[in-house]
Amino acid sequence: MERIIVIDFGGQYNQLIARRVRECNVYSEVYPNSISMDEIRAMAPQGIIFTGGPNSAYKEDSPSISAEIFELGIPILGICYGAQLMAHLLGGKVATAPTSEYGRTKVSVMPSSILFKNVSIDTIAWMSHTDYIAEAPEGFSITASTRVCPVAGMANAQKKLYAVQFHPEVNHTVEGQKIIENFVYQVCGCRGEWKMSSFVQDTVVGLKKRIGDGKVLCALSGGVDSSVAAVLLSKAIGKQLTCVFVDHGLLRKDEGDEVEAVFGPNGAYDLNFIRVNAASRYYEKLAGVSEPEEKRKIIGEEFIRVFEEVSKKIGAVDYLVQGTIYPDVIESGLGKSATIKSHHNVGGLPDHIDFKEIVEPLRLLFKDEVRQVGRELGIPEYLVSRQPFPGPGLGVRIIGEVTPEKVRIVQDADAIYREEISKGIDRWRAGELDGAAKNIKTGVVAFDESSEGHKLTKAQKAVNRKGLYPVWLPDQYFAALTNMQSVGVMGDGRTYDHAVVLRAVHTSDFMTADAVHLPWEILDITTNRIVNEVKGVNRVLYDCTSKPPGTIEME
Ligand code: XMP
């Protein structure tokens, strides 16, 4: 099987690189930089990618790798720190850059380099570095540069060694995927025959073998990840699986009943579904706690305690299944990456758990890859394409202390927001939303075909044909509660009430995200309804922050 391995030097985006390679239909996995040359030889990958990382390549204790790797005859692409490490190990010079670069940056590339085949000469790439390659090693030519970075790309084509200072793996690098494809197909010569269905088959076989006749308990939240994990498990081990749904009192309005309707005894699946109503014990544990990491840990720990109690009732349980996906893992701090937040089910695990092992079949996948797995498994589209909802639920959408009253406010505000977005889509389809005529500026038409010479991609044409979704449709949107009260006036009286914040983002990998330009009509009507219908709210704000520097959730 063709494969490209990614060697981890501590960057935030290491799994994202592997996933970009999988998008090229070539299997890819991440390995630590302690991997030996013999292990690499035994795997005989078609190519190797070095990730970025926060260190300085010239410092002694920085993560490194044997320079022998450049003599294996395997093509290598170094990204960011990986590029600098390549330069450093091969005799080039890496130093602190006189001007560091951060964010979208214009990069000029040499079209003659095979890595930049069909890439615009001036392209926009995502930069994030304080060191730079001051001098490329002997045998290398410079293939890209920016205003302040003389070696933004270098290559030794004869030895098939390539390096870029920027991050081709993130969406902000406009032609990044093309660059990765060029590496995979042009440099490494891959054919691209791997598919997501292979992942499903291999995982089902692997799970059967690992679990044998063991009893398995699955934490089902009704979200995309845990639903896909549950159905995957049910396919592998059938009746040995019991699914437990904890209603922690931090769910969206009416969500508990909706989940029960789909996965419960009257639903479409046979998952041995058990619902536990645990709201009051969660509220008790969370009373007086406002620090985000502490809240996450409490919610995560309480989950495990509830499962332990249920498992005791149903008899010895060998395995606990969780729908953890990759962004949850990376943001909880893996290896040398910095901890951003402890995603519940990962950093939130208590030290002692009454299970033999935890099974996380989706641990290496990104959200959209999980959706693909769901489709492979035949899960209905309305479940598969659901927007994500975090494990700690409204607990991370209420900034500061959680109280039942605040939960009620967020639930009601969020239900109104979702209803208005859904009505907005219907109005957009009916051409009623202001600016619904072909006006790309307000983002109400899927793609503008009117401008001459504008070539649409196949996907864009398909969207236009179906006329299904407006471009502003967010990948994730919700209401949250700020930790702020402010003065307002209602009727003739003064109010001192809560401020609700609305969030809507476009993202494909949930590692980076942009705030959506929602049509004003939707924001306007949502605001009006929230202040009028939700008791205790007198102000509504819209969150315009991208990720980074923000995160999608509030905590
Ligand atoms: P952030 O806020 O980290 O969110 O930018 C990225 C994506 O992950 C979801 N999220 C979580 N999902 N457990 C989960 O299962 C968690 O603790 C958690 N925190 C955030 C979030 O909704 C977004 O889709």
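Residues numbered from 1 in each chain as written. Predicted model: local features only at pLDDT ≥ 70, side-chain atom pairs only at ≥ 80, totals over all residues. Heavy atoms only, no water.

**Some words on the nonpolar core**
Next, step 1: Counting residues in each nonpolar core, the largest one holds 93 residues, and the members touching the most others are Phe263, Phe307, Trp472, Val500 and Ile530.
Next, step 2: Core analysis: the next-biggest nonpolar cluster, separate from the first, contains 34 residues, Val107, Val119, Val187 and Cys190 among them. (Core = buried A, V, L, I, M, F, W, Y, C linked by side-chain atoms within 4.5 Å. Buried < 20%, exposed > 50% of the residue type's maximum accessible area, 1.4 Å probe, protein only.)

**Some remarks on the sheet that holds strand S1 (residues 3–8)**
Next, step 1: The 9 strands lie next to each other as S2-S1-S3-S4-S9-S8-S7-S5-S6, forming an open sheet whose pairing is mixed. Both edges of this open sheet fall to strand S2 (27–32) and strand S6 (122–135), since each of them pairs with a single strand only. On average, adjacent strands in this sheet sit at an angle of 20° to one another, irrespective of strand direction.
Next, step 2: Where strand S5 (residues 93–109) and S6 come together, 12 bridges link them in antiparallel fashion. (Pairing = 2+ DSSP bridges. Helix = DSSP H or I, 4+ residues; strand = E, 2+ residues; numbered from the N terminus. Axes fitted to C-alpha atoms, helices over the stretch in contact; angles between N-to-C directions.)

**Quick look at the environment of Tyr382**
Next, step 1: One can find Tyr382 in helix H12 (residues 381–384).
Next, step 2: Residue classification places Tyr382 among the exposed positions, given a relative accessible area of 56%.
Next, step 3: A C-alpha to C-alpha distance of 10.0 Å links Tyr382 and Val224, two positions 158 residues apart in sequence.

**Quick notes on the packing of aromatic side chains**
Next, step 1: One pass over the full model with this rule turns up 9 aromatic pairs.
Next, step 2: Ring centres of Phe245 and Phe273 lie 5.9 Å apart, and the angle between their planes is 25°; on these two criteria the pair is classed as stacked. A residue pair is termed long-range when its members are at least 10 positions apart, and Phe245 in strand S11 (residues 241–247) and Phe273 in strand S12 (residues 273–277) qualify at 28 residues. The same class applies to Phe245 and to Phe273, which are both buried.
Next, step 3: Members of the aromatic cluster, joined through ring pairs, are Phe9, Phe50, Phe70 and Tyr81.
Next, step 4: The ring of Phe478 carries the charged tip of Arg397 above its face, separated from the ring centre by 3.7 Å. (Phe/Tyr/Trp six-rings, centres within 6.5 Å; stacked < 30°, edge-to-face > 60°. Lys NZ or Arg CZ within 6 Å of the ring centre and 35° of its normal.)

**Things to note about the pairing of strand S7 (residues 141–145)**
Looking along a regular strand, one sees the side chains alternate between the two faces of the sheet.
Next, step 1: One ladder, built from 2 bridges, connects S5 with S7; its direction is antiparallel. Bridging from a neighbouring strand, Ser108 pairs with Ser145 of S7.
Next, step 2: Pairing analysis gives 3 bridges linking S7 to strand S8 (residues 153–156), with the strands arranged antiparallel. Within S8, the position partnered with Ser141 by the bridge is Ala155.

**So, the confidence of the model for the protein chain**
Next, step 1: Of the residues in the protein chain, 89% reach a pLDDT of 70 or more, and the chain-wide mean stands at 88.
Next, step 2: Within the model, pLDDT remains below 50 along residues 346–350, and this stretch shows 18 contacts once partners closer than five positions in the same chain are excluded.
Next, step 3: In this model, residues 435–456 is a region of pLDDT below 50 whose contacts with residues beyond four sequence positions or in other chains number 42 contacts. (pLDDT = per-residue confidence, 0-100. Contact = heavy atoms within 4.5 Å.)

**What to know about the packing of helix H8 (residues 279–286) against helix H9 (residues 292–314)**
Next, step 1: Contact pair H8 / H9: the axes reach a minimum separation of 10 Å and the direction vectors enclose 145°. For the crossing formed where H8 meets H9, the hand is right-handed. Of the residues in H9, those touching H8 at Arg281, Tyr282, Lys285 and Leu286 are Lys295, Ile298, Ile299, Glu302, Phe303, Arg305, Val306 and Glu309.
Next, step 2: For the contact of H8 with H9, the class distribution of residues is 6 nonpolar, no polar and 6 charged. (Left-handed = near helix turned anticlockwise from the far one by under 90°. Nonpolar A, V, L, I, M, F, W, Y, C, P; charged D, E, K, R; others polar.)

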